[in-house]
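# Working through the structure, step by step
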Amino acid sequence: MHDLLTVSDSGLYCPAGDFHIDPWRPVPRAVITHAHSDHARSGCGRYLCWTTGKLVLRERIGNRPIDVLRRGESVSMNGVKVSMAPAGHILGSAQVRLEHGGITWVVTGDYKLQADPTCEPFEPLRCDVLVTESTFGLPIYRWGDPAAVAESINEWWRENRDQGRTSVLFAYSLGKAQRLASVLDPAIGPIYAHGAVMRLVKAYRDSGIRLPSIDQCTRETRKAGDGRAMVIAPPSAAGGRWLRTFGDARAAMASGWMAIRGVRRRRGFDRGFVLSDHADFPGLLTAIQASGARRVLVTHGSAAALARLLCERGLEASVLQTRFTGETVEAETSEDVEAETSDEERGEESGGDPGDAAGDAEPVEVA
Amino acid sequence: MRRFTELCRRLDATTRTNEKVAAVRHYFSEAPAEDAAVALALLSGDRQRRLVTTTELREWAAEAAGIPPWLLEECYATVGDLAETLALVLPDPAAEEDSDGPPAATAGEDGLASIVRDTLHAMKGLDAAERKRIVVETWRKLGREERFLWHKMLTGGFRMGVARTLVARALSELAGVDPATMAHRLMGLSSPSAEDFTSLMAAEGAATDRLRPYPFFLASPVEGGPESLGDVGEWQAEWKWDGMRAQLIAREASVAVWTRGEELATDAFPEIVEAAAALRERIGIDCALDGELLVVGERGLLDFQALSKRIGRKRLTKKLLADLPVVFVAYDILELGGEDLRRLPLSERRRRLEEIVPERFDPRRRAAADGRLFLSPVVDAASWEQLAAVRAESRSRGVEGLMLKRRQSHYGFGRTRGDWWKWKVEPLEIDAVLLYAQAGHGRRATLHTDYTLGVWSDGRLVPVAKAYSGLSDAELVEVDRIIRRTTLEKHGPVRVVEPTLVFEIAFEAVARSTRHKAGLAVRFPRIKRWRRDKLPADAGSLADLAGLLRRPDDTAAVCSMVHQRAQT
């Protein structure tokens, strides 16, 4: 019996159905778990995604045909039944279920079990073979209550405002930024965002997600919000000239990697908030157990360690080599930055060049 | 402990000195003296004796967390800090609270001093089972951040990134005394008591412990040439010795030898103590000298390694004392007959020093037989060019270069630029190839920044140096990425990489070594730059390295060794 999924030069491939999941090169047919750039490359012939993720994916890949699946729907691709269910990672993120010859595979894509007001919650799917991510697959990663993290972010913002300082919060521009925006308390002050974040804020709003009032950060708004504002920006803008234009500002980063003190200190942010869109270690184990899978293939992250642990616990587990870049703390982010930095943001108007810092942006949670 | 945890959180949350000083000041203004004394010891980085082994801690933590030991090691390799790793993997106290156990995280309410007394000192002399009971119980009582700090205390490696001068500044502000006074009061203060802390905060002019060392005045490296320092006549040049900086305090009642790390090293150097007592006897008044401890062997000066052997030994045998005789070479005097001389100009201090220690040190004479205390000679030169020529002889003389001290300078404290400079000889260099890499610690956690580098020998690359520093942050990230991409094998945390990266490494000296596979050891290697323009084939060889040995006969020996290896 051949595996329903293999890894080809272009990505996760289903030979029976002749399609790819999250291909890293252009292919004729791509099933997309979510719109982060290492999972959703442009240039494929036809895309299939979860219904709520269409507008965000459109923002990423441009004008190509996108089909969607809704709850209870499935599509047959050369006899392989494909269906999807929410993964709780970002808006429109989904797991992919493949059924063929009486065997069920599930590809989780990136996922989290925590509550997130900006996306549908993770739904466990039963399967024979589970392909799971393992970005935070070590027991050092155990997230606290997201509501408490939100409260401490607002608290930090309030303190900065009281001292007349602008708060700059670095976060991945798709997903994390909007999730953060949704929990900020607009009563504290005005909220601004980097252009890269703004385009996705629009896509979120168009998809029906409620977010507080956010303005693009420009020279004018910067003046207006001076000393009171919260600015949300991609990590690539940190360390560059862009940040210095805020004068007396405090910078923080929201990421799962902030759980490690050394990473926090290396980046030199004033604060690190531990908030991730990935499952923590207990979350991964919970999801794996809930799937009922006897066989587990582990991708990017602490794949080797997690696979070994699962084997010791009696599962048939192994590492599946992929090119998803969520893998490391220092994941390459320059590509994402280019994809996400709008032209006007690069220009003189906003007085900055986030691109120049792309090379040293490291502990970013690329999903 | 809550108050101390809050202090550490504030220190961690900022890179700004003023904010750190404010946080420290705030803590000490509120903490009871007994807690303050403990906090001071911790912040000062006082080395505590380890009460449990890290092996035991790892074992117990893995058990408590319900994970296999290998997974804990994976975690440690990622986090790069054991205290933090343990704190991160242990289950939250709230999660394991049960009806008959004590309420979770209560110890946070206890004072720092009582925690140290009840959980750390209480472990002394207990067997492993008893110690485990205390450790596991304490875990149940502490929150995650408190556990992290407690582990730091437990493993004796408490470092919070607070410079001592910063603590001194905060305390001097609080006590309303001069920072120099506070720095002096803090010197050599180890395991302070509540009373010590109270007297530390006393007003200016209070008596301090008379055997305590004065804060060392430190030199900065000369950048570029020394010509920018002006007229050579305003400067006193001395050899920069390759020994251990030390302060010798000779009082009527007793003698103390303090190292630059503020370790009391009196017991390690009985011959110096004897000589200092004799000096005190001869001049009839107390004095405090600043100078260098050096080992003088049969063939002249021995390098720093020899000195570490003396320091490292618990028991000094007669043989060791005979094989590695130590001298103290004085270059400054800080106190004489109860008078603090530090505000006098160097020229005046020098005059007084020469009066009490007249004999000049000459490493080429086997001096150990007739004396232990010497005067560090002044290197005379009429011009910078002449000095440069003398400096060029440094390596063959076994010194690190020259010290340049302004004749008018006071004896300051800390590293205040302007009056004292070190003009070290240029380092030796070789191009080496990256062979193994390991993730760093602290700030460099998760980044592969600890490199093992090799040079060619008989068609193979042999490791010769470990280097941890020298690249920019951006380069570190880039190299990390290449390391991940070119990993051939993983042995625990160590990655064997495909040899593709060439680095120019700088080092102070090469010595023969039986402990290293290459037969050579380099002293203080660091990366000078990344040679992107070079291929591994362009890197240096073991023979090149052997050619840099200080003594020609060593070079010959290693070369023949290398040659033999090539033949076998």
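Only a predicted model underlies this, so the values are computations on that prediction, with no experimental measurement involved. (Residues numbered from 1 in each chain as written. Chains lettered and ligands numbered in written order. Predicted model: local features only at pLDDT ≥ 70, side-chain atom pairs only at ≥ 80, totals over all residues. Heavy atoms only, no water.)

It is worth spelling out the overall build of chain A at this point. Scanning chain A for helices and strands turns up 11 helices and 19 strands. Within chain A, the fraction of its 367 residues that count as buried is 62%. In chain A, the proportion of contacts linking residues at least 24 apart, taken out of those at least 6 apart, comes to 63%. Total accessible area on chain A is roughly 13,000 Å²; 47% of this is exposed by carbon and sulfur atoms. (Helix = DSSP H or I, 4+ residues; strand = E, 2+ residues; numbered from the N terminus. Buried < 20%, exposed > 50% of the residue type's maximum accessible area, 1.4 Å probe, protein only. Contact = heavy atoms within 4.5 Å. Areas by Shrake-Rupley, 256 points an atom, 1.4 Å probe, with all protein chains shown as cover.)

Turning to the interface of chain A and chain B, a few remarks are in order. With 31 residues of chain A at the contact, the number on the chain B side is 36 residues. Taken together, both faces of the contact between chain A and chain B bury some 2,900 Å²; the carbon and sulfur share is 51%. Interface area lost by chain A to chain B is led by A:I140, A:R142 and A:R261, which between them contribute 25%. The tally of links between chain A and chain B comes to five salt bridges. The partner of B:D12 in a salt bridge is A:R261, and the shortest N-O contact between them spans 2.9 Å. One can count eight residue pairs in polar contact (both at pLDDT 80 or more) joining chain A with chain B. Listed by contribution, the elements that provide at least two residues to the side of chain A that touches chain B are β16 (249-254), α7 (261-267) and α9 (303-312) of chain A. Tallied by class, the residues present in the side of chain A that touches chain B amount to 12 nonpolar, three polar and 16 charged. (Buried area = accessible area lost by both parts, 1.4 Å probe. Salt bridge = Lys/Arg side-chain N within 4 Å of Asp/Glu carboxyl O. Polar contact = N/O pair within 3.5 Å; in protein donor to acceptor, adjacent residues only side chain to side chain. Nonpolar A, V, L, I, M, F, W, Y, C, P; charged D, E, K, R; others polar.)

Glancing now at the sheet that holds strand β10 (residues 103-107) of chain A. Backbone-to-backbone hydrogen bonds join strands into a sheet, with any given pair of strands oriented parallel or antiparallel. All names here are of chain A. Read from one edge of the open sheet, seven strands run β7-β8-β9-β10-β11-β18-β19, paired in mixed fashion. Unpaired on one side and paired on the other, β7 (75-77) and β19 (316-319) mark the two borders of the sheet. Neighbour-to-neighbour, the strand axes of the sheet open up by a mean angle of 25 degrees, direction not taken into account. Relative to β10, strand β9 (residues 94-100) runs antiparallel, the two sharing five bridges. By the bridge assignment, H100 is partnered in β10 with I103. Sitting on the sheet, helix α8 (residues 281-291) is in contact with β11 (129-134) and β18 (295-301), with an inclination near 170 degrees to β11. (Pairing = 2+ DSSP bridges. Axes fitted to C-alpha atoms, helices over the stretch in contact; angles between N-to-C directions.)

A few words on the pattern of salt bridges. Residue and element names in this part refer to chain B. Applying the stated criterion across every chain, the model contains 70 salt bridges over all chains. Note that E393 is salt-bridged to R397, the shortest N-O span being 3.0 Å. Salt bridges linked by common partners bring E429, E504, K528, R529, R531 and D533 together as one network.

Turning next to the environment of B:A382. Along the polypeptide, B:A382 turns up in the loop between β10 (378-379) and α17 (384-391). We classify B:A382 as exposed; its relative accessible area is 65%.

Core analysis: the largest hydrophobic core is formed by 119 residues, its most contacted members being A:F170, B:F4, B:F28 and B:W150. Filtering out sequence-adjacent residues up to four positions away, B:F28 remains in contact with B:A36, B:A39, B:L40, B:L43, B:L171, B:L174 and B:F197. The next biggest cluster of nonpolar side chains, apart from the first, holds 44 residues, and it includes A:C49, A:I66, A:V149 and A:M230. (Core = buried A, V, L, I, M, F, W, Y, C linked by side-chain atoms within 4.5 Å.)

The next subject is the domain arrangement of chain B. Residues and elements named next belong to chain B. Its domain assignment divides chain B into domain 1 (2-154), domain 2 (220-424) and domain 3 (428-567). Each of domain 2 and domain 3 has a C-alpha centre, and these two points are 33 Å apart. Each partner contributes residues to the interface: domain 2 has nine residues there, and domain 3 has eight residues. Taken together, the two surfaces of domain 2 and domain 3 that pack against each other cover about 860 Å², and 35% of this comes from carbon and sulfur. Our count for the contact surface shared by domain 2 and domain 3 stands at two salt bridges. A salt bridge links E400 to R523, with the nearest nitrogen and oxygen atoms 4.0 Å apart. Counting every contact that joins domain 2 to domain 3 gives two residue pairs in polar contact (both at pLDDT 80 or more). Tallied by class, the residues present in the side of domain 2 that touches domain 3 amount to two nonpolar, one polar and six charged. (Domains from an automatic or database assignment.)

Let us look at the confidence of the model for chain B. Residues and elements named next belong to chain B. Per-residue confidence for chain B gives a mean pLDDT of 86, with 91% of residues at or over 70. Every residue in residues 96-104 is under pLDDT 50, and counting partners more than four places away or in other chains gives 10 contacts. Among the prediction metrics, the complex's ipTM stands at 0.86, with pTM recorded as 0.75. (pLDDT = per-residue confidence, 0-100.)

Glancing now at the packing of aromatic side chains. Scanning all chains against the criterion turns up 18 aromatic pairs over all chains. Ring geometry for A:Y141 and A:W143: centres 6.0 Å apart, planes at 55 degrees, overall tilted. Since its relative accessible area comes to 13%, A:W143 is described here as buried. Directly above the aromatic system of B:W70 lies the positively charged group of A:R308, at a separation of 3.9 Å from the ring centroid. Above the ring of B:W530, the side-chain terminus of B:R532 is found at 3.8 Å from the ring centroid. (Phe/Tyr/Trp six-rings, centres within 6.5 Å; stacked < 30°, edge-to-face > 60°. Lys NZ or Arg CZ within 6 Å of the ring centre and 35° of its normal.)

Let us now look at unusual backbone geometry. Across residues other than glycine, the phi torsion is negative in most instances, and most of the peptide bonds are trans. All names here are of chain A. You will see that D22, though not glycine, has its phi angle at about 45 degrees, which is positive. Among the structural elements, D22 can be located in the loop between β3 (19-21) and β4 (29-31). Taking the relative accessible area as the measure of exposure, D22 reaches 2% and is therefore buried.

In this section: the state of the cysteines. All names here are of chain A. Within this structure, the stated rule accounts for zero disulfides over all chains. Take C14: it sits in no disulfide, and the sulfur closest to it among the cysteines is that of C127, at 15 Å. Taking the relative accessible area as the measure of exposure, C14 reaches 0% and is therefore buried. (Disulfide = S-S within 2.5 Å.)

All right, on to the pairing of strand β15 (residues 230-233) of chain A then. All names here are of chain A. Every second residue of β15 is oriented toward a common face, with M230 and I232 on one face and V231 and A233 on the other, all of them buried. Note: strand β12 (residues 166-170) against β15, four bridges, orientation parallel. By the bridge assignment for β15, F170 is matched with A233. As defined by bridge partners, strand β13 (residues 191-193) adjoins β15 across three bridges and the pair is classed as parallel. Considered in β15, the bridge of A193 is made with I232.

The α-helix winds at 3.6 residues per turn, so residues separated by three or four positions along the chain end up facing the same way. Residue and element names in this part refer to chain B. Between the first and last C-alpha of helix α4 (residues 54-65) there are 16 Å, a value that for 12 residues agrees with the 16 Å anticipated at 1.5 Å per step. Along α4, the positions that sit buried rather than exposed are T54, E56, L57, R58, W60, A61 and A62. On its buried face, α4 is in contact with α5 (69-79), α6 (82-89), α8 (128-141) and α9 (144-154). Phi turns positive, to about 70 degrees, at G66, one or two residues after α4. (Expected span 1.5 Å × (residues − 1).)

Residues and elements named next belong to chain A. The buried count for β10 comes to four of five residues, which makes it a mostly enclosed element. Linking two consecutive strands that pair antiparallel, namely β9 and β10, is a turn of two residues; a positive phi of about 55 degrees is found at G101 within it. Here β10 pairs with β11 via three bridges, running parallel. Residue V107 lies in a different strand from β11, and its bridge partner there is V131.

Averaged over all residues, the pLDDT of chain A is 86; the fraction at 70 or higher stands at 87%. Across residues 326-367 of chain A the pLDDT falls below 50, and counting only partners more than four positions away or on other chains, this stretch makes 133 contacts in the model.

Here the focus is the sheet that holds strand β2 (residues 11-14) of chain A. Residues and elements named next belong to chain A. Read from one edge to the other, the open sheet built from six strands follows the order β1-β2-β3-β4-β5-β6, with strand pairing classed as mixed. The sheet terminates laterally at β1 (6-8) and β6 (66-69), the two strands that pair on one side only. Sheet twist, expressed as the mean angle between neighbouring strand axes with direction ignored, is 35 degrees. With four bridges connecting them, strand β5 (residues 46-50) and β6 associate as parallel partners. For L48, the partnering residue across the bridge sits in β6 and is D67.

To continue, consider the packing of α8(A) against α9(A). All names here are of chain A. At a minimum axis distance of 13 Å, the contact between α8 and α9 shows a crossing angle of 50 degrees. Taken together, the axis directions place α8 and α9 in an arrangement best described as oblique. Considering only the axes of α8 and α9, their crossing is right-handed. In contact with F281, L284, L285 and I288 of α8, α9 contributes L306, L309 and L310. Tallied by class, the residues present in the contact of α8 with α9 amount to seven nonpolar, no polar and no charged. (Parallel < 35°, antiparallel > 145°, perpendicular 65-115°, else oblique. Left-handed = near helix turned anticlockwise from the far one by under 90°.)

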